[in-house]
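Examination of the molecular architecture
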Amino acid sequence: MIGSLLHKIFGSKNERELKKLQPIVDRINSLELEVRSLSDEGLQAKTGIFRERIGKGEALDDVLPEAFAVVREASVRTLRMRHFDVQLIGGIVLHQGKIAEMKTGEGKTLAATLPAYLNALTGRGVHVVTVNDYLARRDTEWMGAIYRFLGLSVGTIVHGLDDLQRQQAYRADITYGTNNEFGFDYLRDNMKFSRQSMVQRDPYYAIVDEVDSILIDEARTPLIISGPVEHAANQVYEEMKPRVIKLKANQDRLVHSILDEAMKRLDQDDAGDQTVEMLLKVKRGDPKNPRFLDLVAKYPGLKKGIERLEGQLSTQKLLPEIDQDLFCFIEENNNIVELTEKGLQLIYGGRSDDYIVPDLDEEFQKIDENDALDATEKKIQRQKAEAGYQDASERFHATRQLIKAYWLFNRDVQYVVKDGQVIIVDEFTGRMMPGRRWSDGLHQAVEAKEGVKVAEENQTLATITFQNYFRMYEKLAGMTGTADTEAPEFKKIYGLDVLVIPTNEPMIRIDNSDVIYKTEAEKFRAVVEEIRALHKKGQPVLVGTISIDKSEKLSRMLEKTKIPHEVLNAKNHEREAEIVAKAGQKGRVTISTNMAGRGTDIVLGEGVKELGGLHIIGTERHESRRVDNQLRGRSGRQGDEGSSRFYLSLEDDLLRIFGGERMSSIMERLGMEEGEPIEHGMISKAIENAQKKVEAHNFEIRKHLLEYDDVMNQQREVIYRQRRESLSGQSLRPTVEEMITELAEGIVNRFCGKDALPDEWDMRGIQEAVFNQFGLRFVMEESKLDELTREGLSALLTETAMKAYDAKETTFGADEFRQLERMVMLQVVDNLWKEHLLAMDHLKEGIGLRGYGQQDPLVVYKREGFDMFGELIERIKEETVRFLFRVQIARPEEIAAKEKVKQEKISYSHGGDGGKTPVRRAEKKVGRNEPCPCGSGKKYKKCCGK
Ligand code: ADP
Ligand code: MG
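What this report covers is the structure whose coordinates are included nearby. Since the structure is predicted, the reported quantities are computational estimates derived from the model, not experimental observations. (Residues numbered from 1 in each chain as written. Chains lettered and ligands numbered in written order. Predicted model: local features only at pLDDT ≥ 70, side-chain atom pairs only at ≥ 80, totals over all residues. Heavy atoms only, no water.)

Re the nonpolar core
Counting residues in hydrophobic clusters, the biggest one holds 94 residues, and the most contacted among them are Leu-187, Leu-215, Phe-470, Phe-490, Ile-740, Ile-766 and Phe-774. Take this core: its biggest share by element is twelve residues, from helix H34 (residues 814-849). Among residues more than four places away in sequence, those in contact with Leu-215 are Phe-470, Leu-476, Phe-490, Tyr-494 and Leu-496. Among the nonpolar cores identified, the runner-up in size contains 54 residues, and Ile-28, Leu-31, Leu-152 and Leu-499 belong to it. (Core = buried A, V, L, I, M, F, W, Y, C linked by side-chain atoms within 4.5 Å. Buried < 20%, exposed > 50% of the residue type's maximum accessible area, 1.4 Å probe, protein only. Helix = DSSP H or I, 4+ residues; strand = E, 2+ residues; numbered from the N terminus. Contact = heavy atoms within 4.5 Å.)

Right under this line is the structure:
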């Protein structure tokens, strides 16, 4: 009762909205005669006139009636189709940035030409989004006749185009293309290294066809671009493995003896400084030593003591004295692993030249200054030095990862080995996570340790959901035959209103009530029976299934009964369209999944009208009413005859899982016999309720996902904006200067206590930090120190750095240096962002699984994500400045070459492997001589930080 009352109110609201548009429609119609009297040239000249008026500031809304009248006339002259009034209404609704629900076959393709033309007059590019390449091509061709007649250009974006072709298509006034292509182009553009190579313009206005498909069904899985981690040599893991085993054996012996000694002391009640120091040595030498862990678990006080000592020594920079006895040390919390002198000696022995990572800058300088070499020889020498450097740093990186693998990772705890593969075990749930990989070479190291094949690695480079892609458009509109059931979702998530537009001719399709059987077998027998009967009289039948499996099953049954038929399987859109297009011909039987061949026009064959038109059979109810309506909508186009019926069984998923008590009790009451179907409105109602429940549930899931994605989305916007800024051609010098100032302040704040006197300042710390950050030796006379304030020191530091920066700029020349700033900034942003993406992935996974007490995981995710993003920004600053202060020779062509190689290996995906992103933890800050976080094994300064 209340439902139907609400429906009335809702229905009338829709009507009220439509009524408001009627005057505009009247106005367009009143212009028809005038427009018709124009010559072709006169009609075409309108485009220029409109453009001028809009250029002078006239609102699109004011130009709309005339523009629509012109498009309608152009359509009559080119395609022999005159837009119906309902199509004008549809066009207005689309122009207003809403969703037009227009039933299948009502001519949405043509309706879209009206707002596409009008909005393209601004010169900003209109995108019409289709669900597949076939439709993008079809609609460009078909509707292109109108646009071209009126002097507008049209482009198509489909799979397989190169950048130049894409640029051209995007420069057109109106561009047709698929959602995937639009989305990937956006991501690809934001990985480019120059403005000129970007293909898209700023997103302005998009009309999304089959909008429910794209914004609801496909919204759940993000678009992902992934590429291999730059790993040159996997065999270095094998090569270094025996050495690390030797290292481990030596370290174990050492740690055991220290631990024995410490235990002895503890037995004698000696927990003094020396004992604690010994235990600290054990901790740093083998943090997961079982005896050690037992011990500290038993004596929490001892643990505290060890940690306190470690903290103390760390601030006093005395940890090396503890570590020097060890072969290597490990700081688990900080994810730091380092070989000591002793360890280096053991591992590299007499052949240290092969292994010690040389300082390439020095090498280069030596070569350059060697007058005995001519230019070619110098070049060869440089290459040699570089190759040697690469090899050595790869070994070095592999060694560190192997140490982690041997010291920190235990088989059957953090991972298992199964079928020759190392599979990560989730630390919170204990579940295996096949397909996931640790990044940065760690997975390879564990593989080497376990003696299984060392594999290559892939990682996410960029990702976005359709939701967030389409929300970037200034104006978004959509059209579909089935939006109304999802109206609240469109409103809530996209801010899109849905308007239901009446059909041109009254709809006369007969939708029969559902028939319901006890078992699936009975159901399918009944379906075959009905098909046979209709086929005999020549009426075409289109059968929808919910999966390819079911399609094939039905096909086999029809083969047995010798009924000729076509089966579609969502694999080839073009062929699919061809088959579906013929589904309305006399005597045709077509089986397809519900969504297959979407967007294809099914015209009735001769004599079919008289037979009752196209009959639709649904073999199962979908989870969502919308998809059922889709199927039904294939029949009854443009006021055609038609009919539909759904066959169900109690074994269908929807009924089994969601039907619930109510369904059973109805069955009970109606009395259900074997082999006998039930057909009753009450059942249809109950099923509809079940569907509503599932729809609401699915909406919740999508909303939830979106809330998570929103966090990432804001971050992506910031990063991409920064990237675009870097590419804009503006000087980045002011940005760098700001960075320098902030970094200098940061250093002072870190080492000069707020209330500390100048002689309490940690000048050594400052010097180290300054050297690390700016590559500068910052010396100050003691006497001058006393007169300084923190602010003064900070200013002095900034000034020193700025001077050095000026000098850098002078040696390079300002132009080249500007270019360099851009390149460095891009490289740093890209690499750190990539890493951040993985860290965020990991955070999300972790949060879903971790118990957070009473806290909302989303809130935790937001907060931690925010913190991580803050760190990212901080690191971008540090690294950018660090590289710029150390950069020696700029070789942009190498960067370009590298970009090319990267792109060749890139792969694109939507869905499927969304969860397969590798696990990566954020590593601590990366020093210039440390291995690059991108996993290349090279030094940071020689890789991404170049
Ligand atoms: P939809 O996308 O709404 O399902 P289509 O755009 O595929 O519908 O059009 C369905 C059919 O209607 C096409 O055969 C098209 O030629 C026809 N059609 C659309 N508009 C008109 C019109 N104004 N006059 C005549 N035929 C039309
Ligand atoms: Mg269509």
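That was the structure; now back to the text.
Description of the side chain of Thr-880
Relative to the assigned elements, Thr-880 resides in helix H35 (residues 857-886). Residue class for Thr-880 comes out buried when judged on its relative accessible area of 0%. Once residues within four sequence positions are removed from consideration, Thr-880 is found in contact with Met-739, Val-824, Met-825 and Val-828.

Concerning the packing of helix H7 (residues 113-120) against helix H8 (residues 133-149)
For the pair H7 and H8, interaxial distance at closest approach is 11 Å and the crossing angle is 40 degrees. With respect to H8, the axis of H7 lies oblique. As H7 runs across H8, the sense of the crossing is right-handed. In contact with Thr-113, Ala-116 and Tyr-117 of H7, H8 contributes Met-143, Ile-146 and Tyr-147. Residue classes in the contact of H7 with H8 are distributed as five nonpolar, one polar and no charged. (Axes fitted to C-alpha atoms, helices over the stretch in contact; angles between N-to-C directions. Parallel < 35°, antiparallel > 145°, perpendicular 65-115°, else oblique. Left-handed = near helix turned anticlockwise from the far one by under 90°. Nonpolar A, V, L, I, M, F, W, Y, C, P; charged D, E, K, R; others polar.)

Focus on the site of ligand 1
Contacts to ligand 1 come from 17 residues, most closely from Arg-82, Gly-105, Lys-108, Thr-109 and Asp-601. Measuring from a nitrogen atom of ligand 1, one finds a side-chain N or O atom of Gln-87 at 2.9 Å. Here an oxygen atom of ligand 1 sits 3.1 Å away from a polar atom, N or O, in the main chain of Gly-107. Relative to its free-state accessible area of 560 Å², ligand 1 is covered by the protein chains to the extent of 85%. Per-class residue counts for the shell around ligand 1 are four nonpolar, seven polar and six charged. (Near = heavy atom within 4 Å. Polar contact = N/O pair within 3.5 Å; in protein donor to acceptor, adjacent residues only side chain to side chain. Areas by Shrake-Rupley, 256 points an atom, 1.4 Å probe, with all protein chains shown as cover.)

Notes on the sheet that holds strand E2 (residues 126-130)
Spatial strand order, E3-E4-E2-E5-E13-E1-E14: seven strands in an open sheet with parallel pairing. Across the chains shown, the open sheet's two edge strands, defined by having one partner strand only, are strand E3 (154-157) and strand E14 (498-500). Between one strand axis and the next, the sheet turns through 20 degrees on average, direction left out of account. (Pairing = 2+ DSSP bridges.)

Looking at the environment of Thr-810
If you trace the backbone, Thr-810 turns up in helix H33 (residues 790-812). For Thr-810, a relative accessible area of 63% corresponds to the exposed category. Within the local environment of Thr-810, its side chain forms a polar contact with the backbone oxygen of Asp-806, the two atoms lying 2.7 Å apart.

Section: helix H10 (residues 179-189)
For H10, a buried count of ten out of eleven residues is recorded, marking the element as mostly surrounded by other parts of the structure. Turning to H10, its buried residues are Asn-179, Glu-181, Phe-182, Gly-183, Phe-184, Asp-185, Tyr-186, Leu-187, Arg-188 and Asp-189.

Quick look at a negative patch on the surface
Judged by side-chain charge, Asp-759, Glu-760, Glu-782, Asp-786 and Glu-787 come together as a negatively charged surface patch. Secondary-structure assignment places Glu-782 in helix H32 (residues 782-785). (Patch = residues over 30% accessible without salt bridge, like charges linked within 9 Å, V, L, I, M, F, W, Y side chains within 5 Å. Salt bridge = Lys/Arg side-chain N within 4 Å of Asp/Glu carboxyl O. Lys, Arg positive; Asp, Glu negative; His and termini not counted. Charge placed at Lys NZ, Arg CZ, Asp CG, Glu CD.)

A word on the packing of helix H4 (residues 60-79) against H7
Direction vectors running N to C along H4 and H7 enclose 125 degrees, while the axes themselves pass 9 Å from each other. The pairing of H4 with H7 is recorded here as oblique in orientation. The way H4 lies across H7 gives a crossing that is right-handed. In this structure, H4 contributes Leu-60, Val-63, Leu-64, Ala-67, Phe-68, Val-70, Val-71 and Arg-72 to the contact, and H7 contributes Thr-113, Leu-114, Pro-115, Tyr-117, Leu-118 and Asn-119. For the contact of H4 with H7, the class distribution of residues is eleven nonpolar, two polar and one charged.

Comments concerning unusual backbone geometry
One non-glycine residue, Asp-269, lies in the positive phi region at around 60 degrees. The residue Asp-269 is located in the loop between helix H12 (235-267) and helix H13 (273-285) in this model. The exposed category is assigned to Asp-269, whose relative accessible area is 73%. Positive phi, close to 50 degrees, is recorded for Gln-638, a residue that is not glycine. Within the secondary structure, Gln-638 sits in the loop between helix H27 (625-632) and strand E21 (642-649). By relative accessible area, Gln-638 is classed as partly exposed at 25%.

What about the pattern of salt bridges?
Enumeration according to the criterion identifies 66 salt bridges in this entry. The partner of Arg-77 in a salt bridge is Glu-73, with the nearest N and O atoms 2.9 Å apart. Here Arg-77 and its partner Glu-73 are both found in helix H4, four residues apart, which amounts to about one turn of the helix. Residue classification places Glu-73 among the buried positions, given a relative accessible area of 5%. Of the charged contacts in the structure, one is a salt bridge between Asp-830 and Arg-723, with a shortest N-O distance of 2.7 Å. Remark: Arg-723 occurs in helix H29 (residues 681-727) and Asp-830 occurs in helix H34; sequence separation between them is 107 residues. Residue Asp-830 is classed as buried on the basis of its relative accessible area, which comes to 19%. Through salt bridges with shared partners, a single ionic network connects Glu-32, Arg-36, Asp-40, Arg-72, Glu-73, Arg-77, Arg-82 and Asp-85.

Quick notes on the packing of aromatic side chains
Scanning all chains against the criterion turns up 16 aromatic pairs. Geometrically, the ring pair formed by Phe-490 and Tyr-494 is tilted, given 6.5 Å between the ring centres and 45 degrees between the ring planes. With Phe-490 and Tyr-494 both in helix H23 (residues 487-494) and four residues apart, this pair spans about one turn of that helix. Judged on exposure class, the residue Phe-490 and its partner Tyr-494 are both buried. Consider the rings of Phe-774 and Phe-885, whose centres lie 5.1 Å apart with planes at 70 degrees: the pair is edge-to-face. Here Phe-774 is found in helix H31 (residues 763-774), whereas its partner Phe-885 is found in helix H35, with 111 residues between them in sequence. Each member of the pair, Phe-774 together with Phe-885, is buried. (Phe/Tyr/Trp six-rings, centres within 6.5 Å; stacked < 30°, edge-to-face > 60°.)

As far as function goes, none of this settles anything; it's purely spatial.
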